[in-house]
Amino acid sequence: MDAAIEIDDISKSYAHPVLRGVDLTHEAGVLALLGANGAGKTTLVSILTTLVRPDGGRARIGGVDVLRDPAGARRLFAVTGQETTLDELLTGRENLVMIGRLLGLGRDAGRRADALLEQMDLASAGRRRVATYSGGMRRRLDLAASLLSRPAVLFLDEPTTGLDPVSRRRVWDDVRALAAAGTTVLLTTQTLDEAEALADRIAILRDGRIVADGTAAELTAAVGGQRLVLQDATGAEVRSADTDGTAASLTRALAQLGPADQDLTVALRSPTLDDAFLALAHGTPEVAA
Ligand SMILES: Nc1ncnc2c1ncn2[C@@H]1O[C@H](COP(=O)(O)OP(=O)(O)O)[C@@H](O)[C@H]1O
Ligand SMILES: [Mg+2]
């Protein structure tokens, strides 16, 4: 079977280069595309979902070339963007039925809408106007709308940005449920905890390229080395610096930590996924290479 998502040397510039040769293949499960604000995540998702043409490169969804056969590709995926496309004046159910009819579901639209409202725990809210919904409910209705067409591949562009912590967890549960049901997901996120919570695999987009790609454990291991940490009496980390464990590097790391109060102690620990993320998504290019 063809990989769900194949991205081959995709490039795109606006005033500045945004994507400079992105390569990525995703077979199944949940892939998190992790990157800082402005890294180019939405640009990449827009190219994959046929909304934006790249300057170069190729991409395929389920084996279908998104540039040569955009209509064919569109039959295979759905996308939930950063901005919702819901009609505020309609009820949740009316929104789903309307989108379902546009998708050609015909008489099935109502049945499918009810099933999805149930699945997203929106059954009772389904008869209310979307204008009365919380941010979390809108996001879940958006997700339901994406699932109307039973897509093989689902793109979620920052699905929880702007949500409160409780709504965020609810959306996480929904994403896990639909991934468990067999939908292949590519989600973008700016936060490591979201990537770690949802993804089988994490790809970090930085400076227009994928600078790291693997499981959380693999990314952590890739950073290597150790951290010299300055901790307070409760064991909480005050500051930390990289070291390879040699005496020279430890001396340098200690100097980097700077002057310390008397009650602070020093310890060595292995890198965490947080360290990996900081090094790979925001850190020095040498670390990312
Ligand atoms: N339509 C556009 N016209 C001009 N610049 C754009 C356009 N879309 C995105 N950009 C620029 O491309 C860069 C990446 O944007 P974007 O893909 O939205 O990043 P992200 O989703 O990772 O925050 C930003 O510098 C943004 O200003
Ligand atoms: Mg974006």
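Refer to the structure presented above.
These lines cover the structure that appears in this document, whether it is placed above or below. A quick note: this is a predicted structure, and the numbers were derived from the prediction, not measured. (Residues numbered from 1 in each chain as written. Chains lettered and ligands numbered in written order. Predicted model: local features only at pLDDT ≥ 70, side-chain atom pairs only at ≥ 80, totals over all residues. Heavy atoms only, no water.)

With that settled, the discussion passes to the packing of aromatic side chains. Applying the stated criterion to the full structure yields one aromatic pair. Consider the rings of Phe77 and Phe155, whose centres lie 5.7 Å apart with planes at 80 degrees: the pair is edge-to-face. With Phe77 in strand 6 (residues 77–80) and Phe155 in strand 7 (residues 153–157), this pair connects stretches of sequence that are 78 residues apart. Neither Phe77 nor Phe155 differs from the other in exposure class; each is buried. (Phe/Tyr/Trp six-rings, centres within 6.5 Å; stacked < 30°, edge-to-face > 60°. Helix = DSSP H or I, 4+ residues; strand = E, 2+ residues; numbered from the N terminus. Buried < 20%, exposed > 50% of the residue type's maximum accessible area, 1.4 Å probe, protein only.)

This paragraph deals with the sheet that holds strand 12 (residues 237–243). Spatially, the three strands line up as an open sheet ordered 12-11-13, and their pairing is antiparallel. The sheet is open, and its two borders are formed by strand 12 and strand 13 (265–269), each paired with just one other strand. The average angle at which neighbouring strand axes cross in this sheet is 25 degrees, direction not considered. (Pairing = 2+ DSSP bridges. Axes fitted to C-alpha atoms, helices over the stretch in contact; angles between N-to-C directions.)

This paragraph deals with the environment of Arg269. Relative to the helices and strands, Arg269 resides in strand 13. In sequence terms Arg269 and Gln226 are 43 residues apart; their C-alpha atoms lie 5.8 Å from each other. Ignoring sequence-local partners within four residues, the contact set of Arg269 consists of Gln226, Arg227, Val229, Glu237 and Asp275. Polar side-chain contacts of Arg269 include one of 3.0 Å to the side chain of Glu237. (Contact = heavy atoms within 4.5 Å. Polar contact = N/O pair within 3.5 Å; in protein donor to acceptor, adjacent residues only side chain to side chain.)

Closest axis-to-axis distance for the helix 8 (residues 216–223)/helix 10 (residues 273–282) pair is 8 Å, and the angle between their directions is 65 degrees. Classed by the angle they form, the pair helix 8 and helix 10 counts as roughly perpendicular. Considering how the two elements wind past one another, helix 8 and helix 10 form a crossing that is left-handed. Each of Ala216, Leu219, Thr220 and Val223 in helix 8 lies in contact with helix 10, whose residues at this interface are Leu273, Ala276 and Leu280. Considered class by class, the residues forming the contact of helix 8 with helix 10 number six nonpolar, one polar and no charged. (Parallel < 35°, antiparallel > 145°, perpendicular 65-115°, else oblique. Left-handed = near helix turned anticlockwise from the far one by under 90°. Nonpolar A, V, L, I, M, F, W, Y, C, P; charged D, E, K, R; others polar.)

Nothing here speaks to function; it is all geometry.
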